[in-house]
Amino acid sequence: MPELDAVASDQAAVPDQAEVPDRGVAGGPDRSTVRLALVVGGLVLAVLLGFGLGRLNGGTNVGGGTTGGTALTPDHTHPAGTAAHDHGSVAGTDQGAATEPGGLSVSSSGYTLVPLATEFPAGRPGQLRFQVRDAQRRPVTRFAVVHDKPMHVIVVRRDLTGYQHLHPTMAPDGTWSVPVTLAQPGVWRAYADFTAVADSGGQSAVTLGVDLVVPGTYQPRPLPAPATSTTVHGFTVGYQGSPQAGVTVPLTFRIDGPTGGAVLERYLGAYGHLVTLREGDLGYLHVHPEPELVDGQVKFWLTIPSPGSYRLYLDFQVAANVHTAELTLTIP
């Protein structure tokens, strides 16, 4: 129609602003009104198209994160040359990373070790009694059985002598008790090594520590020199491996009797138990072995958390008797 052609031509070249009478429609809008309506409609269309294209492009913000109405802020940075990686999954975990030892405090992971007494007479039998309490100060009474026992207690003097591995029993009110004799005066460290079961069924492996006092003159013994073998009750115990700080390495123990390799028996569900204590703060590491012997030897995977001197305590069983071999390890 001629009227539409005239309007289209007006889009390309705007005539003088003189008023133009209507062409053929009585009372209809003039050309200026039509032109203004088309311009405004074009602007609205451009805005709508731009919004739609932005949605199709995924809503990427300036920083490169995907937005869902809220801008994303990275919660950490990676070292230069390191690609982004997954956190919290097995694949994203550094399997060789050292973990801090346990037993350095009376409270950890929402649990607190509460001894009923902390002073013991030197060389006389006593009872070590304690409770494990949760964050609401309630005695914990549900524990998982780990290596045949729900609670493992380690006691040692602060010069790393007098090592004992004990297994207390629990009363219905959550009080644990076990006979103990602390032979020499001094400050002793008691560790409670357990896995608590929460009301939700979740399990938490925790090691808590507390000091015990034996009155008298304390005469600390120097730590024995580093060695890779020792003898205990007629058995020769030696290990192969090169522990180093911050790296998980194999440590293989061989136990020989007077006539050759000893016939090891399972003790607490395993062929050996290795406790490692750090000199100074007495940081605690309980290392579990491979489930089966390797060429007749007990194999552990040990991660030393830091340089320093450590005392190794290996529990093993032969002919129904439990023995403990002790060795000093120094990491430069």
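Our subject is the structure that appears above.
What you see is a predicted model; the values in this text were computed from it and never measured.

**Some remarks on the overall build of the chain**
Right, on to step 1. Counting its secondary structure elements, the chain contains 2 helices and 18 strands.
Right, on to step 2. Expressed as a percentage of its 332 residues, the buried residues of the chain come to 35%.
Right, on to step 3. Contacts in the chain between residues far apart in sequence, at least 24 positions, make up 62% of those at least 6 positions apart.
Right, on to step 4. Accessible surface, the chain as shown: approximately 18700 Å² in total, 57% of it carbon and sulfur.

**Some words on the packing of aromatic side chains**
Right, on to step 1. For the structure on display, the rule yields 8 aromatic pairs.
Right, on to step 2. Measuring from ring centre to ring centre gives 5.8 Å for Phe253 and Phe300, while their planes differ by 90°; the resulting arrangement is edge-to-face. Of the two residues, Phe253 sits in strand 12 (residues 248-257) while Phe300 sits in strand 16 (residues 298-303), which places them 47 residues apart along the sequence. Considered together, Phe253 and Phe300 belong to a single accessibility category, that of buried residues.
Right, on to step 3. Grouping aromatic residues by their ring pairs yields a cluster made of Tyr111, Phe143, Trp176 and Phe194.

**A look at the sheet that holds strand 8 (residues 186-197)**
Right, on to step 1. Pairing is antiparallel across the open sheet formed by 4 strands, whose spatial order is 5-4-8-9. What marks the edges here is a single partner per strand, and that holds for strand 5 (164-166) and strand 9 (203-214). Here the average twist between neighbouring strands, direction ignored, is 20°.
Right, on to step 2. In this structure, strand 8 lies alongside strand 9, joined through 12 bridges in antiparallel fashion. Of the residues in strand 9, the one forming a bridge with Trp188 is Leu212.

**A look at the side chain of Thr112**
Right, on to step 1. Structurally, Thr112 is set in strand 2 (residues 111-115).
Right, on to step 2. We classify Thr112 as buried; its relative accessible area is 17%.
Right, on to step 3. One polar contact links Thr112 to Ser107, side chain to side chain, over a distance of 2.8 Å.

**Quick word on the pattern of salt bridges**
Two side chains with opposite charge may pair up if their charged atoms get near one another.
Right, on to step 1. Here the structure, examined in full by the defined rule, presents 9 salt bridges.
Right, on to step 2. Measuring nitrogen to oxygen at the nearest pair gives 2.6 Å for the salt bridge that ties Asp159 to Arg157. You'll find Asp159 and Arg157 in the same group, each marked buried.
Right, on to step 3. We note a salt bridge from Glu292 to Arg266, for which the minimum N-O separation is 3.0 Å. Placement of Glu292 in the loop between strand 15 (284-287) and strand 16 and of Arg266 in the loop between strand 13 (260-261) and strand 14 (273-278) is noted, with a sequence separation of 26 residues between them.
Right, on to step 4. For Arg266, a relative accessible area of 36% translates into the label partly exposed.
Right, on to step 5. Bridged by salt links that share partners, the residues Asp134, Arg138 and Asp199 form one connected network.

Rules behind the numbers
Residues numbered from 1 in each chain as written. Predicted model: local features only at pLDDT ≥ 70, side-chain atom pairs only at ≥ 80, totals over all residues. Heavy atoms only, no water. Helix = DSSP H or I, 4+ residues; strand = E, 2+ residues; numbered from the N terminus. Buried < 20%, exposed > 50% of the residue type's maximum accessible area, 1.4 Å probe, protein only. Contact = heavy atoms within 4.5 Å. Areas by Shrake-Rupley, 256 points an atom, 1.4 Å probe, with all protein chains shown as cover. Phe/Tyr/Trp six-rings, centres within 6.5 Å; stacked < 30°, edge-to-face > 60°. Pairing = 2+ DSSP bridges. Axes fitted to C-alpha atoms, helices over the stretch in contact; angles between N-to-C directions. Polar contact = N/O pair within 3.5 Å; in protein donor to acceptor, adjacent residues only side chain to side chain. Salt bridge = Lys/Arg side-chain N within 4 Å of Asp/Glu carboxyl O.

Everything listed is a geometric property; what it means functionally is a separate question.
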